[in-house]
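Architecture and fold: a report
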Amino acid sequence: MGDIDRADPSLIPDTHYLDDAGWRGTPGYMYYDANYLLITDNLLDFSHLSYVHESTLGGSAKYAGISPKVSRAERSVRVERRLVNDEPAPFLSNLKTWPGNVNRWNIYDVVLPGVLLMDSGSAATGTGAPEGNRIDAAQFFGCQAVTPETENLRQSVLAGFLEDKGIILAQQKILDMDPETPMLPMRMDRALASFRTLLEQAIQEENPESVRDK
Ligand SMILES: [Fe+2]
């Protein structure tokens, strides 16, 4: 995307785990017939785990109730969600089990122009995960790069990602019914609103003539 002469390799985030022999990786690709910003919105609000991924990625009512820590850096928004003493996510059952409940963490940065870098995992409750001790943990590092397909920025692994796709496509349908209706942010939208603002500023800086895609 964009003007190749203005590409700055120093802005590429660290994703060494994608081809590091010390990590086991699973590449994937998904095509969405929807605005790419709906995908970054989705990634910036994990309260949807409780509504969309209850039986796959796992999201109890307790998970939706977590107030995430949201912080903004120059080119990214960081979201931290920590869940203490809850059941392990269903998708982990084939990989690892614990005798009781677990503490879970999802700590991620969404970096301009739309790259999610995820640190996610679970460890038995009482072993110190909230303090940073990851003992007998199941850990994942993820990278999801959202790439708009066409000029007008419309673009278009798992069972969980297909669930997101269903929701995102439904959002696009609703938006298309009345494209003039503005979006109104709610309290849980803080992270995604921050990211949309960052992105808007970056687009403006790069191309002051630009009219932002809805
Ligand atoms: Fe999701």
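The preceding data block contains the structure.
For the structure given in this document, a descriptive report is provided here. Nothing here was measured: the structure is a model prediction, and the numbers come from that model. (Residues numbered from 1 in each chain as written. Predicted model: local features only at pLDDT ≥ 70, side-chain atom pairs only at ≥ 80, totals over all residues. Heavy atoms only, no water.)

**Things to note about the overall build of the protein chain**
A tally of regular secondary structure across the protein chain gives five helices and seven strands. Each helix and strand of the protein chain, placed in order from N terminus to C terminus, yields the pattern β-α-α-α-β-β-β-β-β-β-α-α. For 214 residues, the compact-globule formula gives about 17 Å, and the C-alpha radius of gyration of the protein chain, at 18 Å, lands near that figure. Referenced to the eigenvectors of the C-alpha coordinate spread, the extents of the protein chain come out at roughly 60 × 40 × 30 Å. Across the 214 residues that make up the protein chain, the buried fraction comes to 39%. Of the roughly 13,000 Å² that the protein chain leaves accessible, carbon and sulfur atoms contribute 54%. With 20 positive and 31 negative side-chain charges, the protein chain shows a spacing of 6 Å between the two charge centroids. (Helix = DSSP H or I, 4+ residues; strand = E, 2+ residues; numbered from the N terminus. Rg over C-alpha atoms; globule rule 2.2 N^0.38 Å. Buried < 20%, exposed > 50% of the residue type's maximum accessible area, 1.4 Å probe, protein only. Areas by Shrake-Rupley, 256 points an atom, 1.4 Å probe, with all protein chains shown as cover. Lys, Arg positive; Asp, Glu negative; His and termini not counted. Charge placed at Lys NZ, Arg CZ, Asp CG, Glu CD.)

**With respect to the coordination of the iron ion**
Bound to the iron ion on the protein side are H48 (NE2), H53 (NE2), D164 (OD) and D164 (OD), at distances that span 2.0 to 2.3 Å. Judged by relative accessible area, D164 falls into the buried class, the value being 7%. (Donors = N, O, S within 2.8 Å, 3.2 Å for Na, K, Ca; no water.)

**A look at the sheet that holds strand 6 (residues 138-145)**
In spatial order, the strands read 2-3-4-5-6; together these five strands make up an open sheet with antiparallel pairing. Strands with a single pairing partner mark the edges of an open sheet, and in this sheet they are strand 2 (69-72) and strand 6. If you compare each strand with its neighbour and ignore which way they point, the axes differ by 10° on average. In this sheet, strand 6 lies alongside strand 5 (residues 115-124) in antiparallel orientation, the contact comprising eight bridges. Within the sheet, the bridge partner assigned to L116 lies in strand 6 and is Q144. (Pairing = 2+ DSSP bridges. Axes fitted to C-alpha atoms, helices over the stretch in contact; angles between N-to-C directions.)

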